[in-house]
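# Residue-level structural notes
Spelled out from the first residue to the last, the chains are:
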Amino acid sequence: MAEPSAATQSPSVSSSSSGAESSALGGGGSGSPGACPALGAKSCGSSCAVHDLIFWRDVKKTGFVFGTTLIMLLSLAAFSVISVVSYLILALLSVTISFRVYKSVIQAVQKSEEGHPFKAYLDVDITLSSEAFHNYVNAAMVHINRALKLIIRLFLVEDLVDSLKLAVFMWLMTYVGAVFNGITLLILAELLIFSVPIVYEKYKTQIDHYVGIARDQTKSIVEKIQAKLPGVTKKKAE
């Protein structure tokens, strides 16, 4: 007699579970295409901040960061590092000292006791806890170990095609280094970082179409090269 009751309850259970799944899928799939991906409560903070910065979500904030870093890189291209750092520190001290003196004069004239103008910032706790330090070190060690494994794999020729790709890339970089210096490459990299993502977001369909064609052509060429290289076909068969 228990079987009919179970059978009558199963549709409701299945419908509720399917509703929960659809709601979960709807919640996970909601959001605009350019929205920051869900990376978790801890990692989403910095990742989403960088994502919003390069996608110009806040135009004023991105413009300030882009303009400041670009001016600094252009200054480094024209002057030495010591001169740029010294001028930056002098400019910052000029602003803070002038504001400090101005507020002191205003307080003396108005006979007010507002205190130090930067007291709110002086009271901020900027000490780095040992736990936070260890978290940063552990996160950095993950990337360092991954980079070391990749370097060993490429230089010890675990995969011949990957090592050849690195050799060709380094050969091309010799020509790039003959034309551009490090500061020029950093300036170009910043221009690309702050322009390519927003352009890709606007013309995603067209770009993906041409990238797919180029990827297919590259894949076919790599397969032809792998077929002619000794030992590569045997390794893939194993």
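Going along each chain's sequence as written, the residues are numbered from 1 onward. Local features in this predicted model are restricted to residues whose pLDDT is 70 or higher, and side-chain atom pairs enter the listing and the counts only when it is 80 or higher, whereas totals over whole chains, interfaces and linings include all residues. Side-chain measures here rest on the full set of heavy atoms in the structure, leaving out hydrogens and waters.

Filter applied, for reference: UniProt positions are given in the numbering used here, feature names are shortened, and annotations may be inferred rather than shown by experiment.
Going by what an unreviewed UniProt entry lists, the protein chain is known as Reticulon and is assigned to Camelus ferus. Heading Subcellular location (unreviewed entry) of the UniProt record for the protein chain holds this comment: "Endoplasmic reticulum membrane".

### Considerations on the overall build of the protein chain
Rule in force here: We count a stretch as a helix when DSSP gives it H or I for four or more residues in a row; a strand needs E for two or more, and each element gets its number in order from the N terminus. Categorising residues by exposure relies on relative accessible area from a 1.4 Å probe, with only protein chains included: less than 20% of the type maximum marks a residue as buried, more than 50% marks it as exposed, and the intermediate range marks it as partly exposed. Only heavy atoms matter for contacts: two residues are in contact if any of them lie within 4.5 Å across the pair. Note on areas: these come from Shrake-Rupley sampling with a 1.4 Å probe, and a residue is covered only by the protein chains present in the view.
Secondary structure summary: the protein chain contains eleven helices and zero strands in total. Here the protein chain holds 238 residues, and 9% of them are scored as buried. Residue pairs in contact within the protein chain that sit at least 24 positions apart in sequence constitute 40% of those at least 6 positions apart. With an accessible surface of roughly 19000 Å², the protein chain has 69% of that area assigned to carbon and sulfur atoms.

### Re the nonpolar core
Applicable threshold: What we call a nonpolar core is a set of buried Ala, Val, Leu, Ile, Met, Phe, Trp, Tyr and Cys residues that are connected through their side-chain atoms within 4.5 Å.
Of all hydrophobic cores here, the largest spans six residues; its members are Leu53, Phe66, Leu70, Leu73, Ile187 and Phe194. Ranked by the residues each element gives to this core, the list is headed by helix H3 (residues 59-78), at three residues. Setting aside residues up to four positions removed in sequence, Phe66 forms contacts with Trp56, Glu190, Leu191 and Phe194.

### A few points about the pattern of salt bridges
Inclusion rule: Any carboxyl oxygen of Asp or Glu within 4 Å of a side-chain nitrogen of Lys or Arg constitutes a salt bridge here.
Evaluation of the coordinates by the stated rule reveals four salt bridges. Residue Glu201 is joined to Arg57 by a salt bridge in which the shortest nitrogen-to-oxygen separation is 2.9 Å. Taken as a pair, Glu201 in helix H9 (residues 196-202) and Arg57 in the loop between helix H2 (43-54) and H3 lie far apart in primary sequence, 144 residues in all. Residue Glu201 is classed as partly exposed on the basis of its relative accessible area, which comes to 28%.

### Some points on the side chain of Gln107
Relative to the elements of secondary structure, Gln107 occurs in helix H4 (residues 81-110). With near-sequence residues (within four places) excluded, Gln107 lies in contact with Ser112, Glu114 and Gly115.

### Observations regarding the packing of aromatic side chains
What counts here: A pair of aromatic rings is counted whenever rings of Phe, Tyr or Trp (Trp by its six-membered ring) have centres within 6.5 Å, and the orientation is called stacked for planes under 30 degrees apart, edge-to-face for over 60 and tilted otherwise.
Applying the stated criterion across every chain yields a total of five aromatic pairs. Where Trp56 meets Phe194, the ring centres are 6.4 Å apart and the plane angle is 80°; that geometry is what we call edge-to-face. Taken as a pair, Trp56 in the loop between H2 and H3 and Phe194 in the loop between helix H8 (182-193) and H9 lie far apart in primary sequence, 138 residues in all. Here Trp56 falls in the partly exposed class, since its relative accessible area comes to 27%. Taken together, a centroid distance of 5.5 Å and an interplanar angle of 50° make the contact between Phe99 and Phe118 tilted. Taken as a pair, Phe99 in helix H4 and Phe118 in the loop between H4 and helix H5 (119-122) lie far apart in primary sequence, 19 residues in all. Residue Phe99 is classed as partly exposed on the basis of its relative accessible area of 37%. Through a chain of ring-to-ring contacts, three or more aromatic side chains come together here, namely Trp56, Phe66 and Phe194.

### Thoughts on the UniProt feature "transmembrane region" (unreviewed entry) in the protein chain
When the UniProt feature table is mapped onto this chain, "transmembrane region" (unreviewed entry) is found at residues 64-93 and 178-200. Note that residues 64-93 is 93% helix and 0% strand, and that its end C-alpha atoms are spaced 20 Å apart. Taken end to end, residues 178-200 comprises 83% helix and 0% strand; its first and last C-alpha atoms sit 30 Å apart.

### Digging into the confidence of the model for the protein chain
So the rule is basically this: pLDDT is defined as a per-residue confidence score from the predictor, taking values between 0 and 100.
Mean pLDDT over the protein chain works out to 79, with 77% of the residues at or above the 70 mark. Per-residue pLDDT stays below 50 along residues 1-34; that stretch engages in three contacts with residues further than four places along the chain or on separate chains. Here residues 37-42 is a poorly scored stretch, pLDDT under 50, and it has five contacts once near neighbours within four places are set aside; other chains count.

### Some details on a nonpolar patch on the surface
Test applied: Nonpolar side chains (Val, Leu, Ile, Met, Phe, Trp, Tyr) are joined into patches within 5 Å and like charges within 9 Å, using only residues with over 30% relative accessible area and no salt bridge.
Together, Leu128, Phe133, Tyr136, Val137, Met141, Ile144, Leu148, Ile151 and Phe155 give the surface a local cluster of nonpolar side chains, amounting to about 910 Å² of exposed area. You can see Leu128 is positioned in the loop between H5 and helix H6 (130-155).

### A look at the packing of H3 against H8
The line we're drawing: Lines fitted to C-alpha atoms define the axes here, with helix axes fitted over just the stretch in contact, and angles between the N-to-C directions of these axes take values from 0 to 180 degrees. The labels follow the angle: roughly parallel below 35 degrees, roughly antiparallel above 145, roughly perpendicular from 65 to 115, and oblique for the rest. Less than a right angle of anticlockwise turn of the near helix away from the far helix marks a crossing as left-handed, whereas a clockwise turn marks it as right-handed. Each residue is assigned to one of three groups, with Ala, Val, Leu, Ile, Met, Phe, Trp, Tyr, Cys and Pro labelled nonpolar, Asp, Glu, Lys and Arg labelled charged, and all others, Gly among them, labelled polar.
One way to put it is that H3 packs onto H8 with a least axis distance of 9 Å and a crossing angle of 165°. One way to sum up the angle between H3 and H8 is to call them roughly antiparallel. Handedness of the H3/H8 crossing: left-handed. Residue-level contacts link Val65, Phe66, Thr69, Leu70, Leu73, Leu74, Leu76 and Ala77 of H3 to Ile183, Leu186, Ile187, Glu190 and Leu191 of H8. Tallied by class, residues from the contact of H3 with H8 come to eleven nonpolar, one polar and one charged.

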